[in-house]
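Observations on the three-dimensional arrangement
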Amino acid sequence: MKTHKIAPSILAADFGNLQRDIEMVNQSEADWFHIDIMDGVFVPNISFGMPVLKAISQHAQKFIDVHLMIVDPDRYIKTFADLGSNMLTVHYEACTHLHRTLQAIKAAGMQAGVALNPHTPIDLLKDVIQDIDLVCVMSVNPGFGGQSFIKNTFNKVAELKELILSKDADTLIEIDGGVTDKNAKKLVQTGADILVAGSFVFKSEEPIETIKELKSLSF
Ligand SMILES: O=C(CO)[C@H](O)[C@H](O)COP(=O)(O)O
């Protein structure tokens, strides 16, 4: 059976009850926290900044995966390391010198991820895949939770899996956007290792049970 990780996206949490929602993820079968940082420039939305991330990381008891939807992410690599990020994911489209950025993230003690917008082809990563710990395949256009899953993601995941195997890389495949019980199984069967789920978890009646459901799908 293929194992997979579930990473609830804090973007969809109830900010009036953030501490309660973080505790809920701590107590659940979720593997990671997925934290979306948006700057209002790279994406048409602003999420939250360093003080909120600091509060989240002080309470989160699991691996922290920070997804930067910001321009010029190199400016903040050390800051995110100091705030307790375990994985720092930058957008391919936001980096001029991606290889250099990946090395800087690792030198700061974090794992290095690269996110791809829905229109960005997988093969742009072929010369750098061995340096990437995780590729985040965006299955919605980044910026907002609660959007519908883009079906072409299945083709991209299959292509990425093939690239990873052909280069003998250890890169993990993460899917972000519109993940539900309707697409989770097929995503893992196609090659996904981590499913980011926001609205499907936090807008459900019983988030802990919903996480359990996504986690326990057998393949
Ligand atoms: O940040 C996002 C897009 O930028 C994601 O959609 C978010 O991480 C997951 O939310 P949802 O499951 O509601 O799509």
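Residues numbered from 1 in each chain as written. Predicted model: local features only at pLDDT ≥ 70, side-chain atom pairs only at ≥ 80, totals over all residues.

Looking at an unreviewed UniProt entry, the protein carries the name Ribulose-phosphate 3-epimerase, with the source organism given as Mesohalobacter halotolerans. In UniProt, the protein has this text filed under Function (unreviewed entry): "Catalyzes the reversible epimerization of D-ribulose 5-phosphate to D-xylulose 5-phosphate." Of the protein, the UniProt comment under Sequence similarities (unreviewed entry) reads exactly: "Belongs to the ribulose-phosphate 3-epimerase family." (UniProt positions renumbered as here; feature names shortened; annotations may be inferred.)

**With respect to the sheet that holds strand β3 (residues 63-69)**
An order of β1-β8-β7-β6-β5-β4-β3-β2 is seen for the 8 strands of this open sheet, with the pairing classed as parallel. With one partner strand each, in any of the chains shown, β1 (5-8) and β2 (32-38) form the two edges of the open sheet. If you compare each strand with its neighbour and ignore which way they point, the axes differ by 25 degrees on average. Two strands pair when backbone bridges link them, and β1 and strand β8 (residues 194-197) are joined in this way by 4 bridges, in the parallel orientation. (Pairing = 2+ DSSP bridges. Helix = DSSP H or I, 4+ residues; strand = E, 2+ residues; numbered from the N terminus. Axes fitted to C-alpha atoms, helices over the stretch in contact; angles between N-to-C directions.)

**Some remarks on the environment of D176**
Topologically, D176 is positioned in strand β7 (residues 172-176). A residue is classified by how many C-beta atoms lie within 10 Å of it, and D176, with 26 of them, is buried. For D176 and A115, which are 61 residues apart along the polypeptide, the C-alpha to C-alpha distance reads 9.2 Å. If sequence neighbours within four positions are ignored, D176 has contacts with H67, C136, M138, S139 and V196. (Buried ≥ 20, exposed ≤ 12 C-beta atoms within 10 Å, placed from the backbone. Contact = placed C-beta atoms within 7 Å.)

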